[in-house]
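Breakdown of the fold
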Amino acid sequence: VQLQASGGGLVQAGASLRLSCVASGYSFRNYRMGWFRQAPGKDREFVARITRSGGGTWYADSVKGRFTISRDNAKNMLYLQMNSLKPEDTAVYSCAADRKVQSAPMKSEGVDYWGKGTQVTVSS
């Protein structure tokens, strides 16, 4: 199993980034997918999750209206479009997969597979 996130970088406040995560080695379409982030000195936090089909999405309040999660099951790809970035969005972003029921919150301790993260740095 491998999850690899990419697309991070250094941007100014107000800019946009699109993160990608490519999955392999498991049945991608059978897993919920999500994004988490961890800032220096802070706990990892949930950012967004998406149902197996892609028809349902949930977001942390801090990113709602600015970030959009999506997936392409044909390509085993997960995305996170991040707009209107703020300095407080600075963190390492990781993609994650679990097999929990669609409506359950996505929590770090319940994740089955983690991807290697990508650094997002937003300057003021």
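I will try to describe carefully the structure that is included in this document. The structure presented is a predicted model; accordingly, all values stated were derived computationally and were not measured.

Time to look at the pairing of strand β5 (residues 45-50). Relative to β5, strand β4 (residues 32-38) is paired through five bridges, and the arrangement is antiparallel. Paired with G34 across the two strands is R49, which belongs to β5. The hairpin formed by β4 and β5 contains six residues between the paired strands, and G41 there has a positive phi angle of roughly 75°. In the sheet, β5 pairs with strand β6 (residues 57-59) via three bridges, with the strands oriented antiparallel. Paired with I50 across the bridge in β6 is T57. The hairpin formed by β5 and β6 contains six residues between the paired strands, and G54 there has a positive phi angle of roughly 90°.

Inspection of every chain in the model, using the stated rule, returns five salt bridges. Between R37 and E45 there is a salt bridge whose closest N-O contact spans 2.5 Å. The exposure class assigned to E45 is partly exposed, which follows from its relative accessible area of 34%. Put simply, R66 and D89 hold a salt bridge, and the shortest N to O gap is 2.7 Å. Residue R66 is located in the loop between β6 and β7 (67-72), and its partner D89 is located in the loop between β8 (77-82) and β9 (91-98); the two are separated by 23 residues in the primary sequence. On the basis of relative accessible area, R66 is assigned to the buried category, the value being 11%. Using a relative accessible area of 0% as the deciding quantity, one classes D89 as buried. Taken together, the shared-partner salt bridges connect R37, E45, R66 and D89 into one network.

The next thing to look at is the state of the cysteines. A complete count under the given rule lists one disulfide for this structure. In this model C21 forms its disulfide with C95; the gap between the sulfur atoms is 2.1 Å. On the S-S bond that ties C21 to C95, the torsion sits near 65°, and the link is right-handed. On the criterion of sequence distance, the pair formed by C21 in strand β3 (residues 17-24) and C95 in strand β9 is long-range, its members being 74 residues apart. The class of C95 is buried, set by a relative accessible area of 0%.

Ordered in space as β1-β3-β8-β7, the four strands form an open sheet in which the pairing is antiparallel. Here the strands that pair on one side only, and so sit at the sheet edges, are β1 (2-6) and β7. Across the sheet, the mean angle from the axis of one strand to that of its neighbour is 15°, orientation sign disregarded. For β3 and β8, the ladder comprises six bridges, and the chain directions are antiparallel. Its bridge partner being in β8, L19 is matched across the sheet by L80.

What counts as what
- Residues numbered from 1 in each chain as written.
- Predicted model: local features only at pLDDT ≥ 70, side-chain atom pairs only at ≥ 80, totals over all residues.
- Heavy atoms only, no water.
- Pairing = 2+ DSSP bridges.
- Helix = DSSP H or I, 4+ residues; strand = E, 2+ residues; numbered from the N terminus.
- Salt bridge = Lys/Arg side-chain N within 4 Å of Asp/Glu carboxyl O.
- Buried < 20%, exposed > 50% of the residue type's maximum accessible area, 1.4 Å probe, protein only.
- Disulfide = S-S within 2.5 Å.
- Axes fitted to C-alpha atoms, helices over the stretch in contact; angles between N-to-C directions.

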